[in-house]
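Here are the chains, one letter per residue:
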Amino acid sequence: MTEKRYLTNSTVTEFEATVEAVADDGSSVVLDGTHFYPTGGGQPHDTGELRKVDDSGDAGDEAPNRAWRVTDVSGRQTVHHAIEGGEPPAPGTRVVGELDADRRRAHSRYHTAQHVLSAVLLDEYGAETTGNQLYADRARLDCARDQRFDDTDLADLEVAVNDVLDAGHDVEWYTLDRETAETELDPERTRLDLLPDSVTEVRIVDIGGGDVDRTACAGTHVGNTADVGEFVVTGRETAGSGEERVRFELRD
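Quick caveat: nothing in here was measured; it's all calculated off a predicted structure.

Rules used in this analysis
- Residues numbered from 1 in each chain as written.
- Predicted model: local features only at pLDDT ≥ 70, side-chain atom pairs only at ≥ 80, totals over all residues.
- Heavy atoms only, no water.
- Salt bridge = Lys/Arg side-chain N within 4 Å of Asp/Glu carboxyl O.
- Helix = DSSP H or I, 4+ residues; strand = E, 2+ residues; numbered from the N terminus.
- Buried < 20%, exposed > 50% of the residue type's maximum accessible area, 1.4 Å probe, protein only.
- Axes fitted to C-alpha atoms, helices over the stretch in contact; angles between N-to-C directions.
- Parallel < 35°, antiparallel > 145°, perpendicular 65-115°, else oblique.
- Left-handed = near helix turned anticlockwise from the far one by under 90°.
- Contact = heavy atoms within 4.5 Å.
- Nonpolar A, V, L, I, M, F, W, Y, C, P; charged D, E, K, R; others polar.

Novice: Honestly, the pattern of salt bridges in this entry has me stumped. Any pointers?
Specialist: Pairing between side chains becomes possible if they bear opposite charge and their charged atoms approach one another. Using the criterion set out here, one finds 18 salt bridges in the structure. Here E237 makes a salt bridge to R247, at a shortest N to O gap of 2.9 Å. Of the two residues, E237 is situated in strand β14 (residues 230-240) and R247 in strand β15 (residues 243-251); the sequence distance between them amounts to 10 residues. Note on E237: relative accessible area 28%, which makes it partly exposed. Look at the salt bridges and you will find they share partners, linking R140, D142, E237, R245 and R247 into a network.

Here you go:
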């Protein structure tokens, strides 16, 4: 099992780790710990590179077989890093991992904005989030709603979300045992019923001390809603029977 360091600190973009395993075809490696986020929860994976650390502790210059591009990251228990760049590092090799910092920050901003949008939709429209997909330059959210959003609704959503973002609420994350989470948290927000019974600890993302949102989430986020930027609704569409889809972008 990989130590998933991104769960405790979303701001780290460079770290050291040891290669634990290499795929038979050399296409991916497993590290003992990682800050690379694997695809999941509507959030795309991180990209970046791994660099071999020599005996002096120096990652050295990029050179054949000393640096590898990380092109994909997947897995929840064991995290696999797809790499390109020649012969892979052998098990036991010490490496430096460096994330694409701009990509990570974009995903963190969009994921935080999605939480705020979900909270506003639930509080103002009784519309529960049913799915989402984030990118580095846009996002969409699906919610349960029979009535279609009109232009006035979308304009009101934009104002409400930006009011929350501009208020500068702190964003925190921590772990609760499942029993405590099920007892203390709003089931409409956390949707713990969707998690398998084998999950006994739950990572909680808390915005504004729970006043804005408090829900189970394994994604990355910014530390304060003021860091998200301006929320702009770019459109809506019917996502299926009884579901609405809202598309949005963030502006600096």
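Novice: Is there a simple way to explain the packing of helix α1 (residues 101-125) against helix α2 (residues 151-166) in this structure?
Specialist: Helix-helix packing: each pair is described by the crossing angle between the helix axes and the interaxial distance. Orientation of α1 relative to α2, taken along the N-to-C sense of each, is 120°, at an axis distance of 10 Å. The angle between the axes of α1 and α2 places the two elements in the oblique class. The interaxial crossing formed by α1 with α2 has right-handed handedness. Across the interface between the two elements, V116, L117, V120, L121 and Y125 from α1 touch D153, D156, L157, A160, V161, V164 and L165 from α2. Taken together, the residues of the contact of α1 with α2 sort by class into 10 nonpolar, no polar and two charged.

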